[in-house]
Amino acid sequence: MAAELEAVIDIPLAELLPTDEERAVAEQLSDQALGTGALARLAQVVAFVGRGRPATQAGNLKVADALALAAHLGLDQPLPARVGSIDDLPDTAHAFRWAAAAELLEWRGTKILPAARAVELDRDPLAAWLKAAVTLLEHGLLDGFRRGWRKAYVEMLDASVGSLLAGMVQAGGTVALPAIEAAAWEEVAVAYGFEPDDQAERAHFVRLIGAMVAQLVDVGVVTQVEDRVVLTDLGRLVAVMADISSELDDDEVDLVDTDALSLLMVCVEDEKMTPEEARAHLEAWVDGRPDQEAAAELCEAMLEDDDPRLWALGLEALGRLDPAVATPAVARLCSHGELGVLAADWLTRHPGRARRSPRR
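Residues numbered from 1 in each chain as written. Predicted model: local features only at pLDDT ≥ 70, side-chain atom pairs only at ≥ 80, totals over all residues. Heavy atoms only, no water.

Caption draft 1: Representation of the sheet that holds strand β5 (residues 222–225). Read from one edge of the open sheet, three strands run β4-β6-β5, paired in antiparallel fashion. This sheet does not close on itself; its edge strands, each paired only once, are β4 (174–176) and β5. Pairs of neighbouring strands in the sheet enclose a mean axial angle of 25°, with direction left out of account. Across four bridges, the pairing between β5 and strand β6 (residues 228–231) is antiparallel. Within the sheet, the bridge partner assigned to Val225 lies in β6 and is Arg228. The sheet strands contacting helix α11 (residues 177–192) are β4, β5 and β6, and the helix crosses β4 at an angle near 70°. Across the sheet, helix α12 (residues 199–219) is in contact with β5 and β6; its angle to β5 comes to roughly 120°. (Pairing = 2+ DSSP bridges. Helix = DSSP H or I, 4+ residues; strand = E, 2+ residues; numbered from the N terminus. Axes fitted to C-alpha atoms, helices over the stretch in contact; angles between N-to-C directions. Contact = heavy atoms within 4.5 Å.)

Caption draft 2: Representation of the packing of helix α17 (residues 308–318) against helix α19 (residues 337–349). Between α17 and α19, the least distance of the axes is 11 Å, while the angle of their chain directions is 30°. Classified by the angle their axes make, α17 and α19 are roughly parallel. Where α17 crosses over α19, the two elements pack in a sense that is right-handed. Facing Trp311, Leu315 and Leu318 of α17, the residues of α19 in contact are Glu338, Leu339, Leu342, Ala343 and Trp346. The class makeup of the residues in the contact of α17 with α19 is seven nonpolar, no polar and one charged. (Parallel < 35°, antiparallel > 145°, perpendicular 65-115°, else oblique. Left-handed = near helix turned anticlockwise from the far one by under 90°. Nonpolar A, V, L, I, M, F, W, Y, C, P; charged D, E, K, R; others polar.)

Caption draft 3: Structural detail: the packing of aromatic side chains. Inspection of every chain in the model, using the stated rule, returns five aromatic pairs. Judged by centre distance (6.1 Å) and plane angle (70°), the ring pair of Tyr153 and Tyr192 falls under edge-to-face. In this pair, Tyr153 is assigned in the loop between α8 (125–139) and α9 (154–159) and Tyr192 in helix α11, connecting sequence segments 39 residues apart. The class for Tyr192 is buried, based on a relative accessible area of 7%. (Phe/Tyr/Trp six-rings, centres within 6.5 Å; stacked < 30°, edge-to-face > 60°. Buried < 20%, exposed > 50% of the residue type's maximum accessible area, 1.4 Å probe, protein only.)

Caption draft 4: Geometry of the sheet that holds strand β3 (residues 111–114). Pairing in this open sheet of three strands is antiparallel, and the strands run β1-β3-β2 from one edge to the other. Either end of the sheet is taken by a strand with one partner, and the two such strands are β1 (53–54) and β2 (105–108). As judged from the two bridges shared by β1 and β3, these two strands associate in the antiparallel manner. The residue bridging Pro54 from the neighbouring strand is Lys111, located in β3. Running over the sheet, helix α4 (residues 37–49) touches β1, β2 and β3 and is turned about 125° from β3.

Caption draft 5: Quick look at the nonpolar core. Counting residues in hydrophobic clusters, the biggest one holds 105 residues, and the most contacted among them are Trp98, Trp129, Leu157, Leu165, Ile209, Val221 and Leu318. Here the element with the most residues in this core is α8; it accounts for nine residues. Discounting residues that sit within four places of it in the chain, Leu157 has contacts with Leu142, Ala184, Val188, Phe205, Leu208, Ile209 and Met212. (Core = buried A, V, L, I, M, F, W, Y, C linked by side-chain atoms within 4.5 Å.)

Caption draft 6: Region of interest: α12. The first and last C-alpha atoms of α12 sit 30 Å apart over 21 residues, in line with the 30 Å expected at 1.5 Å per residue. For α12, every residue scored as buried is listed here: Glu201, Phe205, Leu208, Ile209, Met212, Val213, Gln215, Leu216, Asp218 and Val219. Among the residues trailing α12, Gly220 stands out with phi positive, at a value near 90°. (Expected span 1.5 Å × (residues − 1).)

Caption draft 7: Focus on the pattern of salt bridges. Scanning the entire structure with this criterion turns up 14 salt bridges. Across the pair Arg108 and Glu106 runs a salt bridge whose closest N-O atoms are separated by 2.1 Å. Note on Glu106: relative accessible area 28%, which makes it partly exposed. Here Arg320 ties to Glu316 by a salt bridge, and the two come within 3.6 Å at their closest N and O atoms. Relative accessible area serves as the criterion here: at 25%, Arg320 is assigned to the partly exposed category. Take Glu316: its relative accessible area is 28%, and that puts it in the partly exposed class. One network of salt bridges, with partners in common, ties together Glu103, Arg117, Glu120 and Lys131. (Salt bridge = Lys/Arg side-chain N within 4 Å of Asp/Glu carboxyl O.)

Shown next as structure tokens:
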């Protein structure tokens, strides 16, 4: 999102701006960036790593250092009874992985070390904050840097943040939290087939929205005043960048890392997408995961939706898998009404000869 801006900010932004007024604004933004809880925490992570800490084979901190970092940051307290890896300290792992993704840390050989960009924490805090904020949004407020199961619609919520910030700008910079919850719930309920009055699911959904807002507050993009969410000056900067990014990316949609239902829905509902482009997305998505995983996700997505166009695309994607995996998966769909009719037809048109070796 910030590639163009990052290419310019090799020296403090305040020094690049031509007028005293513009430099003063940049300095105010730098001060605000320094005051955010997120940047302070990331700076603490870098300071903890210091001249280097031993790395695991996966590039994480070892258990002793992970525990020490948790204590240093005051996270994951009280500690769990057993800690076998940094993943058992989810908040600490989130801070560590965020610092690494924001290029403040690097994994070099057997060591975790501060990266070259870490100097910006002192030299140009606005640039460091901007990189950290954009990195968080790109990885996802809810799903980024975390391990374990997530609700299917978490990726959809993460992807909606840019639109939320742009909408807040249009609304004058402040929106009622209940309005955000209601609008987002309506979209999720329609997309994932929930009843609008499903109170149990909606309660969980509202907690996720609360977690998103808390992350935005922590990074300094918004503040929360009672039930109203207010965009900060830093948030307006990110909103402008998100809007620019969405315009640049309109013709470069990447669906490889999304869930199967979102993939199929985008391919069906995007009126600008040609059939050739849809097939390219299906092929890239299938190639990006093991056949067994792809088959299971595609079948689950088709069972969650009642759109025959989506079923057809799902079956087309299954046709790109090794038949030894796809055939039994499709056979299990045959008992599901209209979808079952399409599945039975698919089975008659797809012989069992493997077109490629299954991926592992």
